[in-house]
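Summary of structural features
The chain contents come next:
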Amino acid sequence: MSAMSKREDVKDEERNPLDPSAEMPPEIPAGLDRRKFMMRSAVISAAAVMNGCTRAETEKKAPPPAAAPASAAAAPAVPLDADLNVVKKGSGPVLTTVDEFYKVGPGPSSSHTIGPMRITYDFYQQAAKLPADKLATATKLQVNLFGSLSATGKGHGTERAALAGLVGKEPATVDPKFLDGLRDKPDQVFPVKLGGKTIDVSLKDVIYDATKGDFKHPNTMTVKLLAGNDVLLEQEYYSVGGGFIEWKGYTPPKKNAPKYPFRTMKELREHADKNKTTIAKIMLANETSITGRSEAEVYAFVDKIINAMVATVKSGLSMPEDDVLPGPIKLHSKAATVYKRAMDDKYEADRGIGALSAFAIAASEENGRGHLVITAPTGGSAGVMPALVYGLLEVRKADRQKVRDGMLAAAAVGYLCKHHATLSAAEGGCQAEIGVASSMAAALTATVFDAESRVVENAAESALEHHLGMTCDPVAGYVQVPCIERCAFGAVKAWTAYAIASNEIASRHRVDFDATVMALAQTARDMNSKYKETSEAGLAQSVVLC
Ligand code: SF4
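1. Comments concerning the pattern of salt bridges
Counted by the stated rule, this structure contains 20 salt bridges. One salt bridge connects Asp405 with Lys281, and the closest N-O pair in it is separated by 3.2 Å. Linking Asp405 in helix α17 (residues 400-420) with Lys281 in helix α12 (residues 279-291), this pair joins segments that are 124 residues apart in sequence. Take Asp405: its relative accessible area is 11%, and that puts it in the buried class.

Here it is, written out as structure tokens:
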């Protein structure tokens, strides 16, 4: 029996629309790019499953595959290495947990500040374990930044974050004033104690290296401990998005099996529906089974994140109206102004949209200042979820338990996007940051308002769908323009998605979340690298700073 005929035995409802191998034609027509052809076939298969049509019927309606161009006009995106866990992970059940996902750390970018700080802190800990006689010969610590980390790292303060990790600071507890101090006095030298040896480090030890090359991931960096020209310890690391890190030879930590294993939203929703419960409760059961923590411990962590989100909005709103954000754009803070003026609007709906925008801008401006933010899923998108959390909890006075549940449902959305697509703008542009954040916020909102699981899915789908294709082009490499206002749009779109999903007939929603995640992954792959956090195009080129 051929592989094709085996697949024909699988019933439509058993097919996983996110499995690109499902119903794949055996032959790739001559002259076509293999990856593009495979992806088109996967999309057609997914569409067929979801539409209840046959693959042949669906293919007839799909546009023909384009032949590979003789020469690409634009630079190709950095191909992701097949060894990376972020590439391999899509095959098994989702095993991400809330404490891995929601991370507190300094802005402005989880992949360019929190990730690099975690990386150098990890290296510092590894280096400290070397034998004393080796450490006695050490003379220098050196960090080299590559790819997007090098292209836009200066605007993100990547060198300061990397140095902070080397001197033993962790993202969740670092005082942002330490990072501000490095910006204001870049010549500072810090002693790093490794065993009996003390090595002086400064920003000069963090090198902005090649922006283009054959990297395993667009956010690649190396850290070395040297004895003169001899390398005592070297590690290649990858900041893979949302503050998650990997390194050469990385194997994911062993985890317990989830109580309700799922790979897709369809499977997750089926667990909820079969057990007559909510997506949030399924996620809670999985959190406890994977980590061994109690429900109270999971909720305690979620409460910490909720409180941090509320604090970041409050802090942003309290900043003076004439505050200027760091960097060459000289962008004036506007959260407080937008909030105050929105409160003067005549109609309640106008006040609501204005206030929600102001909350998102407030948290995002905190990110632009390099203050502590929460990855939900990233630093650049750090205004979206806090805006809804603040609005629901502090303004609507929603029940805290419902907000906790909303945070778990939102996490499920983020996990699935990470599992099958990406949370990294360097891999997928802004759709992977603000798009995912907005989708998460829509799921949060629907959950807080007791929506059934299908409505939670539809709201998340709708918010993600309407960010597809959004590029990342931060002006001057600073996470300010378009990022700060974009958080406001992400928050408002999340509300809009919930408003549509809760008012339509849920079963008539024609696009399911899994199909949209697949479109996110495909769009990420096809997007030109100039629009993936490199500041080589888009607004980064068209906006002239003077
Ligand atoms: S444009 Fe979007 S993805 Fe890029 S840095 Fe800004 S918020 Fe992040």
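2. Overview of the site of the ligand
Neighbouring the ligand are the residues Gly380, Ala425, Cys430, Glu433, Cys472, Asp473, Pro482, Cys483 and Arg486. Class assignment for the residues of the shell around the ligand results in five nonpolar, one polar and three charged.

3. Examining the environment of Glu533
Inspection of the secondary structure assignment puts Glu533 in the loop between α22 (513-526) and α23 (539-542). When its relative accessible area of 3% is taken as the criterion, Glu533 is described as buried. Glu533 sits 103 residues away from Cys430 along the chain, and the two C-alpha atoms are 8.3 Å apart.

4. Quick look at the environment of Leu130
The topology assignment puts Leu130 in the loop between α6 (110-128) and α7 (132-135). A relative accessible area of 15% places Leu130 in the buried class. Residues Leu130 and Leu233 lie 103 residues apart in sequence; the distance between their C-alpha atoms is 8.6 Å. Aside from chain neighbours lying at most four places away, what touches Leu130 is Leu135, Leu225, Leu232 and Leu233.

5. Notes on the side chain of Arg369
One can find Arg369 in the loop between α15 (348-368) and β9 (372-374). Residue classification places Arg369 among the buried positions, given a relative accessible area of 6%. A polar side-chain atom of Arg369 sits 3.4 Å from a polar atom in the side chain of Ser333. Discounting residues that sit within four places of it in the chain, Arg369 has contacts with Asp180, Arg183, Gly316, Met319, Asp323, Leu325, Pro326 and Ser333.

6. Points about α6
Since the α-helix advances by 3.6 residues per turn, residues separated by three or four positions end up pointing in the same direction. The terminal C-alpha atoms of α6 lie 25 Å apart, and with 19 residues this matches the ideal 27 Å at 1.5 Å per residue to within 8%. With 14 of its 19 residues buried, α6 lies for the most part within the structure.

7. Section: the side chain of Ser364
Secondary-structure assignment places Ser364 in helix α15. Residues within four places of Ser364 in sequence aside, it is in contact with Gly380, Gly383, Cys483, Ile484 and Cys487.

8. What to know about unusual backbone geometry
Omega for the bond connecting Gly107 with Pro108 falls within 30 degrees of zero, at 10°, which places this linkage in the cis form. Residue Pro377 is reached from Ala376 by a cis peptide bond, and omega for that bond is 5°. Here Pro377 lies in the loop between β9 and α16 (384-395). In this model, Lys276 sits at a positive phi of 50°, which is unusual for a non-glycine residue. Mapping Lys276 onto the fold places it in the loop between α11 (265-274) and α12. At Lys397, a position not held by glycine, the phi torsion is positive, near 55°.

9. As for the packing of α11 against α12
Packing of α11 against α12 brings their axes to within 8 Å, and their N-to-C directions diverge by 95°. Between α11 and α12, the crossing angle belongs to the class labelled roughly perpendicular. For the pair α11 and α12, the contacting residues are Met265, Leu268, His271 and Ala272 in the first and Ile279, Ile282 and Met283 in the second. Of the residues contributing to the contact of α11 with α12, the split by class is six nonpolar, one polar and no charged.

Thresholds applied
- Residues numbered from 1 in each chain as written.
- Predicted model: local features only at pLDDT ≥ 70, side-chain atom pairs only at ≥ 80, totals over all residues.
- Heavy atoms only, no water.
- Salt bridge = Lys/Arg side-chain N within 4 Å of Asp/Glu carboxyl O.
- Helix = DSSP H or I, 4+ residues; strand = E, 2+ residues; numbered from the N terminus.
- Buried < 20%, exposed > 50% of the residue type's maximum accessible area, 1.4 Å probe, protein only.
- Near = heavy atom within 4 Å.
- Nonpolar A, V, L, I, M, F, W, Y, C, P; charged D, E, K, R; others polar.
- Contact = heavy atoms within 4.5 Å.
- Polar contact = N/O pair within 3.5 Å; in protein donor to acceptor, adjacent residues only side chain to side chain.
- Expected span 1.5 Å × (residues − 1).
- Axes fitted to C-alpha atoms, helices over the stretch in contact; angles between N-to-C directions.
- Parallel < 35°, antiparallel > 145°, perpendicular 65-115°, else oblique.

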